[in-house]
Amino acid sequence: MVVLLLLLQAACMFSVVVGLWVICSHFLTADIPAAISHPVKLRVLHCLLQLLMTWGMIFEKLRICSMPKFVRFMHDLVPLKEDPDVVVTDLRYGTIPVKLYQPKVSSSTPRLGIVFYHGGGIVMGSLRTHHAICCHLSKKSDSVVLAVGYRKLPKYKFPVALRDCVAATTHFLKSLNMYGVDPDQVVVCGDSVGGGMATVICQRFLGSPDLPKIRAQILIYASLQVLDFQLPSYQQNKNVPMASRDFAFYCVCTLLDIKPSWKSTIMKGAHLPAEFWEKYRKWLGAENIPERFKKRAYRPMPSEPLNESAYLETSLALDSVNSPLIAEDEVVAQLPETFIVSCEYDIFRDDSLLYKKRLEDLGVPVTWHHMEDGFHGVLSTLDMGYLHFPCSTRILDAIVQFLKGL
Ligand SMILES: *[C@@H]1O[C@H](CO)[C@@H](O)[C@H](O)[C@H]1NC(C)=O
């Protein structure tokens with residue numbers, strides 16, 4: 001009994017120490033931009049996530065479960081809010097779990113369909129974490145939303161998540177009739193890594209003339225390349241919550257099975273040969289980013305000479321399924337009308353700016369919303385009560401307006 005009490009006491013003490021450590025260390029590491037309208041809320045959000053990740057790391061070290069698995073488990077404990085106006089159905093396409101959202105009111109005409117790929121770096125995020133976003137989308141734009149529960153890290157590495165998304169999207173496109181969706185009105189949509197997934201799906205499905213053509217793509221602070229970690233936004237926002245540059249790097253390395261010891265080589269751009277940088281400067285170069293985005297702490301960093309071993313081990317990064325930003329002109333030119341959201345305080349901001357320019361240069365219509373007070377992941381605060389950021393509502397409203405105009 002006494003031993004048990006002592007153990008319990010020790011566990012409590014340890015939890016308090018971990019909590020305090022997370023709170024204190026965030027003051028030293030996290031960069032909370034003054035222009036973000038609710039700095040305290042962002043601190044709270046950041047500390048909560050860091051706390052989950054820290055406990056996840058502890059459990060991973062103790063070999064109890066992996067960090068991503070623990071974080072997802074905790075996220076999924078948050079109860080789902082039901083919306084009386086939306087019918088939510090849990091389905092499985094083969095082995096892939098999906099959630100279908102349909103407005104309760106019946107419609108005499110076929111509806112718009114949205115395939116939604118959630119974000120979270122393939123580490124976090126789930127059908128549950130993005131439930132509120134999908135519910136709102138379905139209700140406000142009167143559309144049928146299909147959210148894809150693709151498999152994630154650390155168990156399922158590249159290309160499992162992508163394959164799951166391709167399979168689920170194909171399945172949906174073949175079942176439109178059953179869900180009352182207009183085959184001329186199917187849109188793909190995703191946030192963060194899900195936004196990257198959405199455009200990769202668009203690029204890939206250009207070669208599938210037997211499936212309904214995708215009408216538009218909605219890319220919310222999407223991650224669109226894993227090649228250059230020194231673009232202005234990657235330097236400026238490297239320590240801004242909710243996605244630091246180190247975390248993005250961790251996700252990429254885990255996904256593509258790249259040894260973390262290559263970090264400094266990759267950060268310096270020495271994992272790619274000079275000819276590569278020369279060839280892709282026209283698309284990746286910071287000169288494609290408008291000057292107003294380069295005013296905050298940014299220093300151009302010429303890439304260092306090639307480290308051949310790093311190049312050989314990181315070559316997957318060059319594949320356009322991992323870096324859709326460098327897909328060939330013939331592919332990008334055929335992409336459907338595009339809606340882009342970028343956030344000022346987000347490492348992935350420049351992925352959006354560069355892709356926007358590529359699409360526009362090739363004649364693809366782009367609707368672009370830049371959130372001056374936005375940070376990565378802000379849309380997920382939509383239904384978070386006290387932690388809600390008004391920016392999330394603005395993003396949702398802009399998407400709904402775009403969908404209504406299709
Ligand atoms: C490549 O990088 C690794 C790790 O940083 C280093 O040990 C190695 O010497 C480098 N090779 C060359 C050719 O620079």
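Residues numbered from 1 in each chain as written. Predicted model: local features only at pLDDT ≥ 70, side-chain atom pairs only at ≥ 80, totals over all residues. Heavy atoms only, no water.

Points about the UniProt feature "domain: Alpha/beta hydrolase fold-3" (unreviewed entry) in the protein
- The sites that UniProt annotates as "domain: Alpha/beta hydrolase fold-3" (unreviewed entry) are residues 114-245 and 309-379.
- Along residues 114-245 one finds 36% helix and 20% strand; the C-alpha atoms at either end are 30 Å apart.
- For the annotated span residues 309-379, helix accounts for 32% and strand for 27% of the residues, and the straight-line distance between the end C-alpha atoms is 39 Å. (UniProt positions renumbered as here; feature names shortened; annotations may be inferred. Helix = DSSP H or I, 4+ residues; strand = E, 2+ residues; numbered from the N terminus.)

Some thoughts on the site of the ligand
- Taken together, the neighbourhood of the ligand is formed by Trp 262, Thr 265 and Asn 307.
- Residue Asn 307 places a side-chain N or O atom 2.2 Å away from an oxygen atom belonging to the ligand.
- In isolation the ligand exposes 360 Å². Once the protein is present, 33% of that is buried. (Near = heavy atom within 4 Å. Polar contact = N/O pair within 3.5 Å; in protein donor to acceptor, adjacent residues only side chain to side chain. Areas by Shrake-Rupley, 256 points an atom, 1.4 Å probe, with all protein chains shown as cover.)

Overview of the layout of surface pockets
- Here the second largest pocket is characterised by a volume of approximately 600 Å³.
- Along the wall of the second largest pocket there are 25 residues; nearest its centre are Gln 50, Met 53, Ser 244, Asp 246 and Phe 247.
- Those elements that provide at least two residues to the lining of the second largest pocket are helix H1 (2-29), helix H2 (39-61) and helix H9 (245-256).
- Sorting elements by how many residues they give to the lining of the second largest pocket places H2 first, with seven residues. (1 Å grid on protein atoms, 1.4 Å probe; cavity = no way out; pocket = protein on both sides within 12 Å on 5 of 7 lines; lining within 4 Å. Points joined across faces, edges and corners; volume = space filled by probe spheres on them.)

Section: helix H7 (residues 193-205)
- End to end, H7 covers 18 Å across 13 residues, agreeing with the expected 18 Å (1.5 Å per residue, within 8%).
- Taking burial as the measure, the 13 residues of H7 include twelve buried ones, the bulk of the element.
- Inspection of H7 places Val 193, Gly 194, Gly 195, Gly 196, Met 197, Ala 198, Thr 199, Val 200, Ile 201, Cys 202, Gln 203 and Phe 205 among the buried residues, and these make up the whole buried set.
- Looking at the buried side of H7, the elements it contacts are strand S3 (111-117), helix H5 (160-174), strand S5 (181-191), strand S6 (216-220), helix H13 (329-333) and helix H14 (349-361). (Expected span 1.5 Å × (residues − 1). Buried < 20%, exposed > 50% of the residue type's maximum accessible area, 1.4 Å probe, protein only. Contact = heavy atoms within 4.5 Å.)

Examining the packing of H5 against H7
- Closest axis-to-axis distance for the H5/H7 pair is 10 Å, and the angle between their directions is 65°. For H5 against H7, the interelement crossing comes out right-handed. Within the contact between the two elements, H5 uses Ala 161, Leu 162, Cys 165, Val 166, Thr 169, Thr 170 and Leu 173 and H7 uses Met 197, Val 200, Ile 201, Arg 204 and Phe 205. (Axes fitted to C-alpha atoms, helices over the stretch in contact; angles between N-to-C directions. Left-handed = near helix turned anticlockwise from the far one by under 90°.)

What about the packing of aromatic side chains?
- Following the criterion strictly, the structure yields 14 aromatic pairs and no others.
- A network of ring pairs unites the aromatic residues Phe 14, Trp 55, Phe 59 and Phe 70 as a single cluster.
- Between Arg 151 and the ring centre of Tyr 156, over which it is positioned, the NZ or CZ distance is 4.9 Å.
- Lys 282 extends its terminal NZ or CZ atom over the ring of Trp 283, reaching a point 4.4 Å from the ring centre. (Phe/Tyr/Trp six-rings, centres within 6.5 Å; stacked < 30°, edge-to-face > 60°. Lys NZ or Arg CZ within 6 Å of the ring centre and 35° of its normal.)

A look at H14
- If you check H14, its first and last C-alpha atoms are 19 Å apart, about what 13 residues at 1.5 Å a residue would give, namely 18 Å.
- In terms of residue burial, H14 counts as a mostly covered element, since ten of its 13 residues are buried.
- Turning to H14, its buried residues number three or more, namely Arg 349, Asp 350, Asp 351, Ser 352, Leu 353, Leu 354, Tyr 355, Lys 356, Arg 358 and Leu 359.
- Gly 363 sits one or two residues past H14 and shows a positive phi near 85°.

Structural notes on the nonpolar core
- One finds Tyr 117, Val 148, Phe 172 and Leu 284 to be the most contacted residues of the largest nonpolar core, which totals 89 residues.
- The element contributing the most residues to this core is H9, with eight residues.
- Excluding residues within four positions of it along the chain, Leu 284 makes contact with Gln 225, Leu 227, Leu 231, Phe 276, Trp 277, Leu 325, Ile 326 and Leu 354.
- Among the nonpolar cores identified, the runner-up in size contains 44 residues, and Ala 30, Ile 32, Tyr 221 and Phe 402 belong to it. (Core = buried A, V, L, I, M, F, W, Y, C linked by side-chain atoms within 4.5 Å.)

Digging into empty space enclosed by the protein
- Under the criterion given, the structure shown has one cavity of 30 Å³ or more.
- By volume, the largest cavity is sized at about 50 Å³.
- Together, Val 226, Phe 229, Phe 249, Val 252, Cys 253, Ile 258, Ile 266, His 271, Thr 314 and Ala 317 line the largest cavity.
- If you tally residues by element for the lining of the largest cavity, the top one is H9, at three residues.
- Class assignment of the residues belonging to the lining of the largest cavity gives a composition of eight nonpolar, two polar and no charged. (Nonpolar A, V, L, I, M, F, W, Y, C, P; charged D, E, K, R; others polar.)

Considering a nonpolar patch on the surface
- Residues Val 40, Val 44, Leu 48 and Tyr 386 make up a contiguous nonpolar surface patch of about 380 Å² in total accessible area.
- The topology assignment puts Tyr 386 in the loop between strand S8 (366-375) and helix H15 (390-404).
- Of the residues examined, Tyr 386 reaches a relative accessible area of 55% and is grouped as exposed. (Patch = residues over 30% accessible without salt bridge, like charges linked within 9 Å, V, L, I, M, F, W, Y side chains within 5 Å. Salt bridge = Lys/Arg side-chain N within 4 Å of Asp/Glu carboxyl O.)

What about the side chain of Arg 358?
- Mapped onto the fold, Arg 358 is located in helix H14.
- Of the polar contacts made by the side chain of Arg 358, one reaches the backbone oxygen of Ala 327; its length is 2.6 Å.

Looking at the sheet that holds S6
- Across the sheet, which stays open at both edges, the eight strands sit in the order S1-S2-S4-S3-S5-S6-S7-S8 with mixed pairing between neighbours. On the outer flanks of this sheet lie strand S1 (86-93) and S8, each paired with one strand and no other. Adjacent strand axes in the sheet meet at a mean angle of 20° when their direction is disregarded.
- The sheet contact formed by S5 and S6 spans five bridges and is parallel. When the sheet's bridge partners are listed, Asp 191 is paired in S6 with Ile 220. (Pairing = 2+ DSSP bridges.)

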